[in-house]
Amino acid sequence: MASSWSRALTQISPYTFASVGIAISIGVSVLGAAWGIYITGSSLIGAAIKAPRITSKNLISVIFCEAVAIYGVIVAIILQTKLESVPASKIYDPESLRAGYAIFASGIIVGFANLMCGLCVGIIGSSCALSDAQNSTLFVKILVIEIFGSALGLFGVIVGIIMSSQATWPAKTT
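Residues numbered from 1 in each chain as written. Predicted model: local features only at pLDDT ≥ 70, side-chain atom pairs only at ≥ 80, totals over all residues. Heavy atoms only, no water.

Turning our attention to the packing of aromatic side chains. According to the stated counting rule, one finds 3 aromatic pairs in the structure shown. Where Phe-17 meets Phe-104, the ring centres are 5.3 Å apart and the plane angle is 75°; that geometry is what we call edge-to-face. Here Phe-104 lies in helix H5 (residues 94-134) and Phe-17 lies in helix H2 (residues 14-50), a separation of 87 residues in the sequence. We classify Phe-17 as buried; its relative accessible area is 10%. Grouping aromatic residues by their ring pairs yields a cluster made of Phe-17, Tyr-101 and Phe-104. (Phe/Tyr/Trp six-rings, centres within 6.5 Å; stacked < 30°, edge-to-face > 60°. Helix = DSSP H or I, 4+ residues; strand = E, 2+ residues; numbered from the N terminus. Buried < 20%, exposed > 50% of the residue type's maximum accessible area, 1.4 Å probe, protein only.)

Once that is clear, we can look at the UniProt feature "transmembrane region" (unreviewed entry) in the protein. UniProt's feature table lists "transmembrane region" (unreviewed entry) at residues 12-38, 59-79, 99-126 and 138-163, given in the numbering used throughout. Helix makes up 93% of residues 12-38 and strand 0%. Its end C-alpha atoms lie 37 Å apart. Helix makes up 100% of residues 59-79 and strand 0%, with an end-to-end C-alpha separation of 31 Å. (UniProt positions renumbered as here; feature names shortened; annotations may be inferred.)

With that settled, the discussion passes to the side chain of Asn-58. Relative to the elements of secondary structure, Asn-58 occurs in the loop between helix H3 (54-57) and helix H4 (59-82). Residue classification places Asn-58 among the buried positions, given a relative accessible area of 1%. Here the side chain of Asn-58 touches Ile-54 through a polar contact of 3.0 Å, landing on its backbone oxygen. With near-sequence residues (within four places) excluded, Asn-58 lies in contact with Leu-44, Cys-128, Ala-129, Asp-132 and Phe-139. (Polar contact = N/O pair within 3.5 Å; in protein donor to acceptor, adjacent residues only side chain to side chain. Contact = heavy atoms within 4.5 Å.)

Let us now look at the nonpolar core. One finds Ile-22, Val-75, Leu-79, Ile-103, Ala-167 and Trp-169 to be the most contacted residues of the largest nonpolar core, which totals 15 residues. Secondary structure elements with two or more residues in this core: H2, H4 and H5. Here this core takes 5 residues from H4, the largest share from any one element. Among the nonpolar cores identified, the runner-up in size contains 12 residues, and Cys-65, Val-121, Cys-128 and Ile-142 belong to it. (Core = buried A, V, L, I, M, F, W, Y, C linked by side-chain atoms within 4.5 Å.)

Further remarks concern the environment of Ala-76. Within the secondary structure, Ala-76 is located in helix H4. Overall, the relative accessible area of 8% leaves Ala-76 in the buried class. Separated by 76 residues in the primary sequence, Ala-76 and Leu-152 place their C-alpha atoms 18 Å from one another. In contact with Ala-76, not counting residues within four places along its chain, are Ile-22, Ser-25 and Ile-26.

So, in C-alpha cells, the structure goes:
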C-alpha cells in the first residue's frame, strides 16, 4: 500500500500539485469569506430590526470577512508567479517535486487558515451586531476581538509565503 501511495505522489506532475494548491488557496479562502459574511449578515439584518442604527457601523464586520477572500487572491497571485516552465526531462526531478509540493502545501495552509478566519470573524461579527443592538457601548470592545480574529488569516498568509519560498524549479539548460 505504501509503495502505491509513494508512486502516485511521485508520478503526478508537480505542476498539477502546484495548480491544485493555488486553486485551494483562492477557493477555500472565498468559501471562508462567504461563510463569515453569511453568519454576520444574517445576524446584522435580524438585529437591525430592533436597532436600525447598528446597520452602517456593523458593516465593518462584513468588510473584515471580505478581507479574508482578498488574502486568498493575493496569495494565489504570489503562488502563480512561482510557477516556472521546466524542460520535460526535469519535470520529475526532486527539485521540481519539492517546488510543486511547496506551492501545494502553501495553498492548503492559506486556504484553510482563511476558512477558519472567515468563520471566526463571522461569528464574532454576529456577536458584535447582536450585542450592539442591546448595548452600544459593547461595539468597540467586541470590534477589538474581531480584529484579533482577523489576524488569524494574516498568520496563514505569512506561513504560506514562507512555505512557498521553498519553491525553486530546476534551472533551464541551454
